[in-house]
Amino acid sequence: MATSVLDHAGAAGIHPEKTGFLSWITTVDHKKIGILYGASAFIFFLIGGLEALVIRLQLMKPDNNLVSPEFYNQLFTMHGTTMIFLAVMPLSAMFFNFMIPLLIGARDVAFPRLNAFSYWVFLAGGLFLNSSFLFNAAPNGGWFGYANLSSKQYSPGLNMDFWAIGLQILGIASLAAGVNFFVTIINMRAPGMKLIRMPVFAWMTLITQLLVLLSFPVITVALILLMFDRLFGTNFFVPLGGGDTMLWQHLFWVFGHPEVYILILPAFGIISEVLPVFSRKPLFGYTAMVFSGCFIAFLGFGVWAHHMFSTGMGPIADSVFALATMLIAIPTGVKIFNWMGTVWGGSIQMKTPMYFALGFIAMFIMGGLSGVMHSAAPADLQQTDSYFVVAHFHYVLFGGSIFALTAGAYYWWPKMFGHMLDEGLGKLHFWLMLIGFNLTFFPMHIVGLEGMPRRVYTYPAGLGFESLNRLETYGALILGFSFLVFIFNVIKSTRSKVHAPADPWNGATLEWAIPSPPQEFNFPVIPTVHGRDAFWEEKRAHGGMMPEPPRVSGAGIHLPNPSYWPFMAAVGVLLLFIALLHHDGKFGPLYIFGAVSVLFYSIFHWVFEPAEG
Amino acid sequence: MDAHALHPATSTGIPNRKLAIWTFIGSECLFFASLISVYLVYKGKSLVGPYPSEIFEIPLVTVGTALLLFSSLFVVLALNGCEQGNRKKFLGWLAMTILCGFFFIGMQVYEFTHFFHEGLTMQKNLFGASFFTLTGFHGTHVTIGVIWLISIFIEGVRGHVPPAKALNFEMAALYWHFVDVVWIVIFPVVYLMNS
């Protein structure tokens with residue numbers, strides 16, 4: 001798919017490894033790293049989707065025994081963990097990587113090698129987590145790993161060790177990327193690209209990185225304490241030793257609530273790019289969009305305990321967190337109305353990305369409405385741990401994030417790979433996804449309110465759950481099939497070799513000013529920006545359309561050198577955490593020493609390597 | 001590491017690497033804030049001894065604290081020397097900084113060993129668990145800082161840190177200050193507030 005990037009970039013010819021397997025290991029090009037993120041995350045997304053399908057098949061009829069209760073626990077834990085950390089976050093990271101430098105008019109991110117390191121550590125963490133299936137010891141204590149379910153006493157196997165260690169590895173990747181993209185957006189903008197002129201996707205990415213930087217250290221501490229409990233016998237979360245299981249919940253949700261905004265804010269950004277282009281109108285209320293995003297992120301740190309209403313925190317804490325949670329509905333509502341204001345009166349082009357963007361608005365409103373219902377603590381006590389909650393967060397995470405990411409995929413595909421996706425198949429994908437999604441998750445509201453509990457591997461006949469559960473399973477199969485249509489679309493369009501023009505959608509932002517796919521150096525000349533919607537401005541100044549930009553030689557443009565050391569450092573990180581898992585073996589300390597050596601050796605080579613060609 | 005050649009100047013005028021280390025430090029604040037919170041939540045919750053008041057040796061830790069504080073001054077002087085191209089000032093004060101770091105680590109190793117012999121382990125009670133985790137992670141940060149400063153020292157001796165590359169050193173210095181500041185919080189919260 002991406003080989004065409006390489007073919008054309010040959011003109012820049014200053015680097016040894018241009019093509020082939022090694023060029024992907026050593027690459028520091030943000031576009032190639034973006035594609036690596038996307039490809040890996042999509043595979044993890046399919047794995048997480050298969051887990052969901054097995055869950056749905058198990059629940060298709062009452063008293064089913066397709067999977068054992070023990071394996072069911074592993075399935076729902078890995079489904080949640082995979083979709084959050086290995087699918088939605090890295091799919092967003094694909095767009096951060098590929099698009100942010102293009103959107104702000106830069107040649108790469110601030111730290112290209114750190115960027116490669118982030119990707120390799122992410123991949124290591126994903127493989128580490130999923131390798132647990134090989135030992136029949138996949139994490140089984142829920143994606144939230146509640147103490148003391150996750151303690152050695154109640155989870156004696158390696159399962160939760162894989163979880164606690166795997167998430168730490170992924171945290172390192174997210175934090176490194178967080179620093180990198182924060183600095184990139186603050187510091188690498190093209191001349192004239194003031195913060196308040198940036199595309200909203202860049203704004204939402206910036207806010208997301210701040211959330212990552214401030215929330216991931218908290219989960220890291222929680223995971224370290226859990227790991228110490230499990231591996232070294234401390235009592236942080238063991239009530240017998242005086243430990244407080246509530247501390248885990250507080251630490252986890254101080255991270256966990258900002259995390260849901262880490263998952264949704266990039267989606268908001270994508271939608272804010274897609275809607276104006278296909279409505280042929282600038283985004284309605286740009287500043288309100290930016291500041292409501294900031295406000296959501298700020299409030300996001302003050303509402304964590306609404307995940308804990310049923311723990312009995314008392315009326316004052318319950319009221320404060322309930323009110324703060326309701327407050328978040330205001331900036332979110334501002335966004336929804338601004339999106340509708342953008343479409344209103346526009347000259348709407350019903351292309352595939354627009355279908356998914358409009359689908360996003362409808363589905364996200366439904367998820368938001370059930371979310372506001374949870375904010376009332378007394379109502380939440382009835383809904384918590386039921387399928388109503390499952391319905392809610394799938395409407396915001398699938399109906400929200402995945403719809404938006406799919407919109408982004410159809411929108412930016414021509415830019416990333418240089419060919420168009422088929423419109424007919426795209427629309428088929430949309431309708432199957434919309435119908436399958438609603439068939440799967442809408443009935444969960446009903447069975448949830450009727451009392452069907454989450455995370456239980458089966459239900460008895462005669463409670464009235466049978467027909468709706470069967471319907472949900474059919475919906476899930478349609479939903480799964482919709483992604484086969486997407487894969488078929490990708491294969492068919494790639495084979496058809498219909499080259500995409502530089503600006504197929506009459507886009508508003510800078511990435512459409514350069515050839516599809518972009519050359520290795522992105523911009524032959526760094527653009528100067530005079531206002532928002534920079535490329536629309538430029539086209540207007542030139543009386544409508546711009547001519548197709550030529551592919552030019554990049555001779556004389558300095559680009560960062562490829563490097564093995566980010567990959568090697570990531571291997572060091574992986575070895576270190578594997579060694580921690582084996583710390584009490586005969587050679588435990590030796591493993592740890594070896595892993596630390598690999599890590600330090602790689603970091604020193606990295607530091608002393610000349611960065612630029 | 002950064003992409004100077006890609007952009008003649010950054011949008012804010014702040015070098016990328018300097019902004020990055022500040023961003024990283026901001027993130028680290030939350031890391032230590034969480035560890036300190038855990039320590040405070042479990043303060044007085046240990047079911048068995050040894051308890052903090054029985055075991056702390058305030059005078060020794062005060063000396064360690066003072067040396068770590070002075071090392072922050074020394075690293076400022078060393079950075080100043082580096083920026084002026086004054087090799088003697090640069091390397092001399094840097095060596096002093098590293099020595100202070102070594103003393104602090106030595107103090108902590110002694111303290112941990114002593115506590116261990118008194119029967120305080122991570123497994124013994126919540127005080128041991130939260131104390132060793134908090135001060136252990138701080139000590140790890142000091143150790144990484146010392147390794148970083150030693151690398152700068154070796155590069156400095158080889159003449160590879162001219163004033164134009166003072167930023168290489170400034171990043172380590174900023175990190176070193178941060179590690180000091182964390183200790184300024186830990187010292188009163190852990191050692192002084194335990195009556």
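Basis of the calculations
- Every residue gets a number counted from 1 within its own chain, in the order that chain's sequence is written.
- To read the labels, note that chains go from A and ligands from 1, taken in the order they are written.
- Only residues with pLDDT of at least 70 are given local features in this predicted model, and only at 80 or more are side-chain atom pairs given and counted; all residues enter the totals for whole chains, interfaces and linings.
- Where helices and strands are cited, they refer to DSSP runs of H or I of at least four residues and of E of at least two residues respectively, numbered from the N terminus.
- Residues are called buried when their C-beta atom has 20 or more other C-beta atoms within 10 Å, exposed when it has 12 or fewer, and partly exposed otherwise; all C-beta atoms are positioned from the backbone.
- Placing a C-beta atom from the backbone of each residue, one calls two residues in contact when those atoms lie within 7 Å.
- Looking at any residue, its pLDDT shows the predictor's confidence there, from 0 to 100.
- Three classes are used: nonpolar for Ala, Val, Leu, Ile, Met, Phe, Trp, Tyr, Cys and Pro, charged for Asp, Glu, Lys and Arg, and polar for all others, with Gly counted as polar.
- Only buried Ala, Val, Leu, Ile, Met, Phe, Trp, Tyr and Cys residues enter a nonpolar core, and they are joined through C-beta atoms within 7 Å.
- In this analysis, axes come from line fits to C-alpha atoms, helices being fitted only over the stretch in contact, and the angle between any two N-to-C directions falls in the range 0 to 180 degrees.
- Oblique is the label for any angle not covered by the other classes, which are roughly parallel (under 35 degrees), roughly antiparallel (over 145) and roughly perpendicular (65 to 115).
- Each crossing gets its handedness from the near helix: less than a right angle anticlockwise from the far helix is left-handed, clockwise is right-handed.

Caption draft 1: Quick peek at the overall build of chain B. From N to C terminus, chain B includes six helices and zero strands. Its helices and strands in sequence order give chain B the pattern α-α-α-α-α-α, from N to C terminus. By the burial criterion, 38% of the 195 residues in chain B qualify as buried. Pairs at least 24 apart in sequence give 81% of the contacts found in chain B among residues at least 6 apart.

Caption draft 2: Spotlight on the confidence of the model for chain A. Across chain A, the average pLDDT comes to 92, with 97% of residues at 70 or higher. Across residues 1-17 of chain A, confidence stays below pLDDT 50; counting only partners more than four residues off in sequence or on other chains, it has 31 contacts.

Caption draft 3: Quick peek at the interface of chain B and chain A. With 32 residues of chain B in contact, the opposing surface of chain A contributes 37 residues. For the side of chain B that touches chain A, the elements supplying multiple residues, two or more each, are helix 1 (16-41) and helix 5 (126-157) of chain B. The leading source of residues in the side of chain B that touches chain A is helix 1 of chain B, at 14 residues. Considering only residue class, the side of chain B that touches chain A consists of 17 nonpolar, 12 polar and three charged.

Caption draft 4: Spatial organisation of unusual backbone geometry. Across the junction of Ser516(A) and Pro517(A), the peptide omega takes the value -15°, indicating a cis bond. In this model, Gly49(B) is joined to Pro50(B) through a cis peptide bond whose omega is -5°. In this structure, Asn136(A) is a non-glycine residue whose phi angle is positive, near 50°. The residue Asn136(A) is located in the loop between helix 5 (112-131) and helix 6 (159-187) in this model. A count of 12 C-beta atoms within 10 Å places Asn136(A) in the exposed class. A positive phi angle is found at Asn506(A), which is not glycine, with a value near 55°. By secondary structure assignment, the location of Asn506(A) is in the loop between helix 15 (466-496) and helix 16 (534-541). On the neighbour-count criterion, Asn506(A) (15 C-beta atoms within 10 Å) is partly exposed.

Caption draft 5: Examining the nonpolar core more closely. Residues and elements named next belong to chain A. Formed by 236 residues in total, the largest nonpolar core has its most connected members in Ile104, Val121, Ile169, Ala222, Ile271, Val274 and Ala407. Here this core takes 22 residues from helix 7 (residues 200-232), the largest share from any one element. Membership of the second largest hydrophobic core comes to five residues, among which are Leu75, Phe76, Met78 and Ala138.

Caption draft 6: Focus on the packing of helix 13 (residues 387-417) of chain A against helix 14 (residues 423-449) of chain A. Residues and elements named next belong to chain A. One can describe the packing of helix 13 onto helix 14 by two numbers: an axis separation of 7 Å at closest approach and a directional angle of 165°. Judged by the inter-axis angle, helix 13 sits roughly antiparallel to helix 14. When the axes of helix 13 and helix 14 are compared, the crossing they make is left-handed. Touching Tyr387, Phe388, Val389, Val390, Ala391, His394, Tyr395, Phe398, Gly399 and Tyr410 of helix 13 are Gly426, Phe437, Phe441, Met444, His445, Val447, Gly448 and Leu449, all from helix 14. Taken together, the residues of the contact of helix 13 with helix 14 sort by class into 13 nonpolar, five polar and no charged.

Caption draft 7: Quick peek at the environment of Gly192(A). Residues and elements named next belong to chain A. In this fold, Gly192 is placed in the loop between helix 6 and helix 7. By the C-beta count within 10 Å, which is 13 here, Gly192 ends up partly exposed. Between the C-alpha atom of Gly192 and that of Ile100, which follows or precedes it by 92 residues, the distance is 16 Å. Residue contacts for Gly192: discarding those within four places in its chain leaves Thr528, Val529 and His530.

Caption draft 8: Region of interest: the environment of Leu126(B). Structurally, Leu126(B) is set in helix 5. On the neighbour-count criterion, Leu126(B) (26 C-beta atoms within 10 Å) is buried. A sequence separation of 84 residues divides Leu126(B) from Tyr42(B), and the C-alpha atoms of the two residues are 6.4 Å apart. In this view, Leu126(B) contacts Asn235(A), Gly241(A), Gly242(A), Gly243(A), Tyr42(B), Lys45(B) and Ser46(B); residues no more than four positions away in its chain are not counted.

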